[in-house]
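# Summary of the model geometry
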Amino acid sequence: MSLSTTLVLAFVGLILGHGIPGALVGAAIGFVIDSLRQSQRYRATPQAGGFVTPLFALLGAVAKSDGRVSEAEIAIAERLMTRMGLSGEQRKEAIAAFNQGKQPEFDVRPPIEGLRQWVGLRRDHAFPVLDVVIETVLAEGNPPPEKMAILRQLAFALRISDMELMALMAMKGYAWNAAAGDRRRGYGGYVPPHRAAHGPDPYAVLGIERGADERAIKRAYRKLISEHHPDRLGDLPEAMRKQAEARASEINAAYERIKAEKGFK
């Protein structure tokens, strides 16, 4: 946090003849002002287009992580460029970034850090970014560990837990148990996400146990719908807004299924 106002007002309080007490009062007032400014900065909509290069570089890295880039993965990147309404120059930038991400030994840390900085503390902006990357991760069905490793690294950088990541994948009809994969990792095992036989699991979508009571279910639903509601997204591209609308619809559908099953309103 920048403490420029805090220091300035502390100095003013000191030189106006009030000594240490004046400096402390000035510092306190300045700290409040700095905190409010920082809060407004975090809540501001990220700079439009600032995510294009790191996002497509990461998509290229995800696609290449298992050794080959499939036509399905290329098609997803191309559709995303179209849905985002990228200009000719932005499209060239996205293609160059995607190709760079495909290079051998590409380091995914810089684009992940770029996306982390772009998202800031806006969790509601972290979810659309993850949603886009998940599309590439799941492009060919059950993903290999290399793809999931990059996805989890991104989620961690954006302060999204494994449980929340499971919920995002459940919305796309995939079941995944991160803990089971971790337990088997030491033995060379890997438990990939797999397509659920009967569609999205409503409990996984809400991130709750099947034995959760009505109060816990409603609390989980309210928290999720507030974080994923498209009206919170500001000036994000229309493609990401539509994905947010789809997530909100999936959350509502899951909640309605659970209510019907549990018998409460």
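Residues numbered from 1 in each chain as written. Predicted model: local features only at pLDDT ≥ 70, side-chain atom pairs only at ≥ 80, totals over all residues. Heavy atoms only, no water.

Viewed as axis vectors pointing N to C, helix H5 (residues 109-119) and helix H7 (residues 145-157) meet at an angle of 35°, and their least axial separation amounts to 9 Å. Pair H5 / H7 crosses with right-handed handedness. Touching Arg109, Ile112, Leu115 and Arg116 of H5 are Ile150, Gln153, Leu154 and Ala157, all from H7. Broken down by class, the residue content of the contact of H5 with H7 amounts to 5 nonpolar, 1 polar and 2 charged. (Axes fitted to C-alpha atoms, helices over the stretch in contact; angles between N-to-C directions. Helix = DSSP H or I, 4+ residues; strand = E, 2+ residues; numbered from the N terminus. Left-handed = near helix turned anticlockwise from the far one by under 90°. Contact = heavy atoms within 4.5 Å. Nonpolar A, V, L, I, M, F, W, Y, C, P; charged D, E, K, R; others polar.)

With 15 residues, helix H6 (residues 123-137) extends 21 Å from end C-alpha to end C-alpha; this agrees with the ideal 21 Å at 1.5 Å per step. Here H6 lies mainly inside the structure; 13 of its 15 residues are buried. (Expected span 1.5 Å × (residues − 1). Buried < 20%, exposed > 50% of the residue type's maximum accessible area, 1.4 Å probe, protein only.)

This part is about the environment of alanine 178. Assignment of secondary structure puts alanine 178 in helix H9 (residues 178-185). Considered as a pair, alanine 178 and arginine 152 are 26 residues apart in the sequence and their alpha carbons are 9.8 Å apart. Leave out the neighbours within four places in its chain, and alanine 178 touches Arg152, Asp162 and Met166.

All chains considered together, the criterion is met by 2 aromatic pairs. Taking 4.7 Å as the distance between ring centres and 50° as the angle between the ring planes, the aromatic pair formed by phenylalanine 51 and tryptophan 118 counts as tilted. Here the residue phenylalanine 51 occupies a position in the loop between helix H1 (4-43) and helix H2 (52-64), and tryptophan 118 occupies one in helix H5, the gap between them amounting to 67 residues. Comparing phenylalanine 51 with tryptophan 118 shows no difference in burial state: the two are buried. Both rings, one in tyrosine 221 and one in tyrosine 255, keep their centres 3.9 Å apart while their planes meet at 10°; by these two values the pair is stacked. Taken together, the residues span a long stretch of sequence, with tyrosine 221 in helix H11 (residues 214-228) and tyrosine 255 in helix H12 (residues 238-262) at a distance of 34 residues. Taking the relative accessible area as the measure of exposure, tyrosine 221 reaches 16% and is therefore buried. (Phe/Tyr/Trp six-rings, centres within 6.5 Å; stacked < 30°, edge-to-face > 60°.)

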